[in-house]
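# Structure at a glance
Here is what each chain is made of, one letter per residue.
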Amino acid sequence: MANDWEESASMRGESPVEHVTEHVTESVSRRTFLQKTAMLGLAAAVPGSLLTLSAMAEEKPENKAGASTGLVSAAVKLAEGSIVDVPGVKVGQVSDEKALTGCTVIVLEKGSACGVDVRGSAPGTRETDLLNPINSVQEVNAVVLTGGSAYGLDAASGVMRYLEEQGQGYNVGVGVVPIVPAAVIFDLSIGSYKIRPDQQMGYEAARSATKQQVQQGNVGAGTGATVGKLAGMKRAMKGGLGSASRRLPNGLVVGAIVAVNAVGEVRHPLTGEILAGARDDDGKIRDSLSWMIDASTPPAPSGTNTTIAVVASNANLNKVQANKIAQMAHNGLAKTIHPVHTMSDGDTVFAVATGGVDASVNLVGALCVEVLAEAVVNAILSAKGAGGVPAFQDLQVKG
């Protein structure tokens with residue numbers, strides 16, 4: 001016996017296939033209408049740039065597993081701004097281009113509320129316990145992002161030495177103790193593993209901190225960063241350091257800086273295109289999930305990767321709220337890195353708030369997600385091939 005929809009179609013002289021096609025087209029049109037109507041309703045409350053991103057996302061092309069990036073779409077381009085656009089934030093960087101390592105120091109001119117959220121299972125950090133809301137110290141003076149694995153944490157001591165000379169730090173009566181949390185990436189498998197960021201490198205990075213726009217790519221903590229290592233270093237691509245910012249009409253500024261050194265691949269959050277990841281024998285990028293399913297190569301050793309970041313705003317936030325912002329900001333990594341927060345990564349995000357503008361935690365957190373995602377993409381687009389590892393730019397030339 002025919003189904004009701006088949007009988008209805010026959011009565012109108014249509015084939016069942018024609019009827020289904022018409023029904024699907026009608027459903028798609030209705031869904032598109034409702035989506036666009038909802039966007040119009042949000043227009044008055046959401047910054048125009050975010051609506052633009054949503055509209056672009058509606059038309060993003062599908063990215064099939066195992067597809068080569070080739071020449072990517074025009075939507076893939078550098079985002080504007082950097083974390084130094086946030087009032088009270090300066091950045092200094094030192095890079096060793098031969099050893100392929102370096103450090104990036106985010107100096108907070110007047111101290112700042114700070115929170116942290118660690119989601120990778122192999123982190124390398126310093127002073128993160130101090131950022132727990134139940135602990136007494138309420139402000140930090142700088143945050144260090146560095147290469148060198150756990151050895152690189154030594155750079156934070158150099159930053160402390162510089163800040164002490166400037167009289168910046170927590171007053172303990174007999175002097176000051178600069179509060180300098182830090183996180184590291186593992187970059188020992190590229191360049192020279194015997195040379196790591198040390199106290200002197202940290203000191204120089206802090207001393208050179210300025211409000212000039214942040215240099216991106218193979219610089220600072222991103223100098224030796226790589227991505228797409230699920231299939232081993234020989235198939236990896238170059239990661240790097242990226243930064244971006246947003247400014248709202250009410251004076252709120254949100255920025256991010258990130259060193260991208262993930263075991264997984266990096267995708268554009270709007271188009272879904274793989275920008276950098278594990279390459280097959282033909283040099284084409286293959287998605288990480290297919291590598292894991294096939295298990296054609298041994299898994300990446302634990303602790304040999306990590307994406308570390310700082311998000312900042314000039315919102316009036318306390319340490320409790322800053323910790324929530326750090327938690328929310330991890331979604332910026334989830335939008336761009338696949339897989340993320342793995343057993344082989346030590347993904348860590350710090351959130352600082354320099355104050356001056358009233359803004360809700362929800363708004364600041366949501367903006368930090370977008371800006372951190374943009375910074376991740378900027379890191380990949382700005383990176384250059386090094387140590388025998390090709391970069392996004394190299395594949396575009398070949399394409």
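Below, the structure is looked at part by part. (Residues numbered from 1 in each chain as written. Predicted model: local features only at pLDDT ≥ 70, side-chain atom pairs only at ≥ 80, totals over all residues. Heavy atoms only, no water.)

## Overview of the pattern of salt bridges
- Throughout the structure, instances matching the rule amount to six salt bridges.
- For the salt bridge of arginine 207 with glutamate 204, the shortest nitrogen-to-oxygen distance reads 2.5 Å. With arginine 207 and glutamate 204 both in helix H5 (residues 199-207), this residue pair falls three residues apart, about one helical turn.
- A salt bridge links aspartate 281 to arginine 235; the nearest nitrogen and oxygen atoms lie 2.8 Å apart. Separated by 46 residues along the polypeptide, aspartate 281 in the loop between strand S13 (274-276) and helix H6 (288-294) and arginine 235 in the loop between strand S8 (226-227) and strand S9 (237-238) bring together distant segments of the chain.
- Look at aspartate 281 and you get exposed, because its relative accessible area is 69%.
- Its relative accessible area of 14% is what places arginine 235 among the buried residues. (Salt bridge = Lys/Arg side-chain N within 4 Å of Asp/Glu carboxyl O. Helix = DSSP H or I, 4+ residues; strand = E, 2+ residues; numbered from the N terminus. Buried < 20%, exposed > 50% of the residue type's maximum accessible area, 1.4 Å probe, protein only.)

## Some words on the packing of helix H4 (residues 155-165) against H5
- Where H4 meets H5, the axes come as close as 6 Å, and the angle between the chain directions of the two elements is 45°. Between H4 and H5, the angle is such that the two are oblique. Two packed elements cross with a definite hand, and for H4 against H5 that hand is right-handed. Facing H4, whose interface residues are Ala155, Ser157, Gly158, Val159, Arg161, Tyr162 and Glu165, H5 presents Gln199, Gln200, Gly202, Tyr203, Ala206 and Arg207.
- Here the contact of H4 with H5 is built from residues that sort into five nonpolar, five polar and three charged. (Axes fitted to C-alpha atoms, helices over the stretch in contact; angles between N-to-C directions. Parallel < 35°, antiparallel > 145°, perpendicular 65-115°, else oblique. Left-handed = near helix turned anticlockwise from the far one by under 90°. Contact = heavy atoms within 4.5 Å. Nonpolar A, V, L, I, M, F, W, Y, C, P; charged D, E, K, R; others polar.)

## Observations concerning the nonpolar core
- In this structure, Val260, Val311 and Leu372 are the most contacted members of the largest nonpolar core, which totals 45 residues.
- Contributions of two or more residues to this core are made by strand S11 (253-260), S13, strand S14 (308-315), helix H7 (319-334), strand S16 (348-357), helix H8 (361-382) and helix H9 (392-398).
- Here this core gets 12 residues from one element, more than from any other, and that element is H8.
- With residues up to four places along the chain from it excluded, the contact list for valine 260 reads Ala225, Thr226, Val227, Gly239, Gly240, Val266, Thr307, Ile337, Val376, Ala379 and Ile380.
- The next biggest cluster of nonpolar side chains, apart from the first, holds 30 residues, and it includes Ile83, Val84, Val140 and Leu241. (Core = buried A, V, L, I, M, F, W, Y, C linked by side-chain atoms within 4.5 Å.)

## A look at the sheet that holds S13
- Strand order in the open sheet made by the three strands is S13-S12-S15, with antiparallel pairing throughout. Each having just a single partner strand, S13 and strand S15 (337-338) make up the two edges of the open sheet.
- With two bridges joining them, strand S12 (residues 265-267) and S13 adopt antiparallel strand pairing. Its bridge partner lying in S13, valine 266 is registered against alanine 276.
- Against the sheet, H8 touches S12, S13 and S15, its axis set at about 55° to S13. (Pairing = 2+ DSSP bridges.)

## Topic: the environment of asparagine 323
- Tracing the backbone through its elements, the reader meets asparagine 323 in helix H7.
- Since its relative accessible area comes to 15%, asparagine 323 is described here as buried.
- Put simply, asparagine 323 and alanine 351 are 28 residues apart on the chain and 6.8 Å apart in space, counted from C-alpha to C-alpha.
- Dropping the residues within four chain positions of it, asparagine 323 is found in contact with Cys114, Gly115, Val116, Leu131 and Pro133.
- At 3.2 Å, the side chain of asparagine 323 forms a polar contact with the backbone nitrogen of valine 116. (Polar contact = N/O pair within 3.5 Å; in protein donor to acceptor, adjacent residues only side chain to side chain.)

## Describing the side chain of asparagine 314
- Note that asparagine 314 resides in strand S14.
- For asparagine 314, a relative accessible area of 4% puts it in the buried group.
- Within polar-contact distance, the side chain of asparagine 314 engages the backbone oxygen of glycine 251 at 3.0 Å.
- Among all residues touching asparagine 314, those that are not within four sequence positions of it are Val86, Pro87, Gly251, Leu252, Val253, Thr354, Gly355, Gly356 and Val357.

## Notes on the pairing of S16
- Along S16, seven of the 10 residues are buried, which leaves the element largely enclosed by surrounding structure.
- Pairing analysis gives six bridges linking strand S2 (residues 101-118) to S16, with the strands arranged antiparallel. Across the sheet, cysteine 114 pairs through a bridge with valine 352, a residue of S16.
- In this sheet, S16 lies alongside S14 in parallel orientation, the contact comprising seven bridges. Its bridge partner being in S16, valine 311 is matched across the sheet by alanine 351.

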